[in-house]
Amino acid sequence: MPLDYLNARTRVIALIGDPISHSVSPRAQSFALAQSDINALCLAFPVKSDALAQAIRGAQSLNMRGVMVTIPHKEAVLSLCDELHPSARLVGAVNFLEFRSDGTICGHSSDGWAALRSLEDKGVRIGGTRVAILGGGGSARSLALTFADAGAAHITLYNRTIERAQIIADEVQTRTGVPALVSPLPASGLSDSDIIINTTSVGMTPDINSSPLDADAIEAKHTVFDIVYNPLETRLLREAKERGAKVVNGLDMVLWTNVYAAQIGLNAQIKIEDLRAEALRALHN
């Protein structure tokens, strides 16, 4: 790989998490930046929770242009922000730290935006839809709040722990006014839903023979979105496709967060097509 474009002016966006070695973002984003003749790199750093503040301050001191944040730090970094972008205030989590020239840090959340873009690229609009979300963790909360704010007509959360999902449902109704209900997993009665979203890890490598949903619950009218991207086609998506449903895998959601990071951190535009091509090469290796 030629490295003649790297020099002392090369800008860096960091990605932190624990674990982080599985991420395709550093390779995909660095490739897309190079394809757009942007002298910048994305580099991943494993960061433990007890070193989080030190890592963020260090990245800022090294003049990095921002930090992409993933599990388990998305809520913990809130306290390190001087300001929150409306996206982060909505969901109560941050996945990108913008280092501003005045020394302040602004926290952004692009996960919901990236999910919306992934669906829109497949011709799916959220406005007026009834959304079923499988799971009750941070991703379920982020997407439930984002989709409700974007105009979804109704949200139903399916989770094994009803109490945890109920907290999210109550928050959706209080903050957005959109009706939100809770139901136990395994999910049933999805005929009234337009979009089904899996935010659980069920079906992720190496558990590729599992699905969070009985295939009989899926209808041709559904759009089924699995935020898992390894494998690209989970059992859930394969069975949904067999039933004639529209399917969306989780890769583009991750890649759109890279587009967002480049826009905010570098004031640069990179192409989703370049990101996708390199991410697919990484996943197939």
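Everything numeric here is computed off the predicted structure, so don't read it as measured data. (Residues numbered from 1 in each chain as written. Predicted model: local features only at pLDDT ≥ 70, side-chain atom pairs only at ≥ 80, totals over all residues. Heavy atoms only, no water.)

Participant: When you look at the overall build of the protein chain in this model, what are you seeing that I'm missing?
Facilitator: For the protein chain, the count of helices and strands is nine helices and twelve strands. The C-alpha radius of gyration of the protein chain comes to 19 Å, within 12% of the 19 Å expected for a compact globule of 285 residues. Each principal axis of the C-alpha distribution contributes one length, and for the protein chain these read about 60 × 40 × 30 Å. Looking at the 285 residues of the protein chain, the share that counts as buried comes to 50%. Long-range contacts, defined as pairs at least 24 residues apart, comprise 70% of the intrachain contacts of the protein chain with a sequence gap of at least 6. Of the roughly 13,000 Å² of accessible surface on the protein chain, 50% is carried by carbon and sulfur atoms. (Helix = DSSP H or I, 4+ residues; strand = E, 2+ residues; numbered from the N terminus. Rg over C-alpha atoms; globule rule 2.2 N^0.38 Å. Buried < 20%, exposed > 50% of the residue type's maximum accessible area, 1.4 Å probe, protein only. Contact = heavy atoms within 4.5 Å. Areas by Shrake-Rupley, 256 points an atom, 1.4 Å probe, with all protein chains shown as cover.)

Participant: Help me understand the packing of helix H5 (residues 138–149) against helix H6 (residues 162–176) in this model?
Facilitator: The relative placement of two packed helices comes down to the angle between their axes together with the axis-to-axis distance. Two elements in contact, H5 and H6, have axes separated by 10 Å at closest approach and are oriented at 25 degrees. In terms of their interaxial angle, H5 and H6 are classed as roughly parallel. As for the relative orientation of H5 and H6, their crossing is right-handed in sense. Where H5 abuts H6, its residues Ala140, Arg141, Ala144, Leu145, Ala148 and Asp149 lie against Ile168, Glu171, Val172, Arg175 and Thr176. Split by residue class, the contact of H5 with H6 holds six nonpolar, one polar and four charged. (Axes fitted to C-alpha atoms, helices over the stretch in contact; angles between N-to-C directions. Parallel < 35°, antiparallel > 145°, perpendicular 65-115°, else oblique. Left-handed = near helix turned anticlockwise from the far one by under 90°. Nonpolar A, V, L, I, M, F, W, Y, C, P; charged D, E, K, R; others polar.)

Participant: What is the right way to read the side chain of Thr200 from this model?
Facilitator: For Thr200, the position within the fold is in the loop between strand E10 (195–198) and strand E11 (223–226). Polar contacts involving the side chain of Thr200 include one to the side chain of Asn198, which spans 2.7 Å. Within polar-contact distance, the side chain of Thr200 engages the backbone nitrogen of Val202 at 3.2 Å. Those residues within four positions of Thr200 in sequence are excluded, and the remaining contacts are Leu134, Gly135, Pro212 and Val228. (Polar contact = N/O pair within 3.5 Å; in protein donor to acceptor, adjacent residues only side chain to side chain.)

Participant: Help me understand the nonpolar core, please; the structure alone is not making it clear to me.
Facilitator: One recurring pattern in soluble globular proteins is that nonpolar side chains are buried together. Ranked by internal contacts, the top residues of the largest apolar core, which has 57 residues, are Ile133, Phe147, Ile155, Leu157, Val172 and Ile197. Of the residues forming this core, the biggest block, eight residues, is contributed by helix H8 (residues 251–266). Every residue in contact with Ile197, bar those within four places of it in the chain, is listed here: Val131, Ala132, Ile133, Leu134, Leu143, Phe147, Phe225 and Ile227. Counting residues in hydrophobic clusters, the runner-up holds 18 residues, among them Ile16, Met64, Val67 and Leu80. (Core = buried A, V, L, I, M, F, W, Y, C linked by side-chain atoms within 4.5 Å.)

Participant: Whenever I open this one, helix H9 (residues 272–284) confuses me. Can you help?
Facilitator: Given 3.6 residues per turn, any residue in an α-helix points the same way as the ones three and four places further on. Given a rise of 1.5 Å per residue, 13 residues ought to cover 18 Å, and the 18 Å separating the end C-alpha atoms of H9 matches this to within 8%. Buried-residue contacts for H9 involve helix H1 (25–35) and H8. (Expected span 1.5 Å × (residues − 1).)

Participant: Help me understand the sheet that holds strand E5 (residues 96–99) in this model?
Facilitator: Whenever strands of a sheet pair, they do so through backbone hydrogen bonds, lying parallel or antiparallel. One open sheet holds the six strands; their spatial order is E2-E1-E3-E5-E6-E4, and the pairing between them is mixed. Unpaired on one side and paired on the other, strand E2 (40–46) and strand E4 (83–84) mark the two borders of the sheet. Note that strand E1 (residues 11–17) and strand E3 (residues 66–69) share three bridges and pair parallel. Residue pairing in the sheet places Ile16 in a bridge with Val69 of E3. On top of the sheet, H1 reaches E1, E2 and E3; it is set at about 170 degrees to E2, its chief contact. Each of E1, E3, E5 and strand E6 (105–108) is contacted by helix H2 (residues 52–61), which is oriented at about 40 degrees to E5, the strand it contacts most. (Pairing = 2+ DSSP bridges.)

Interpretation note: all reported values are geometric properties and have no functional meaning in isolation.
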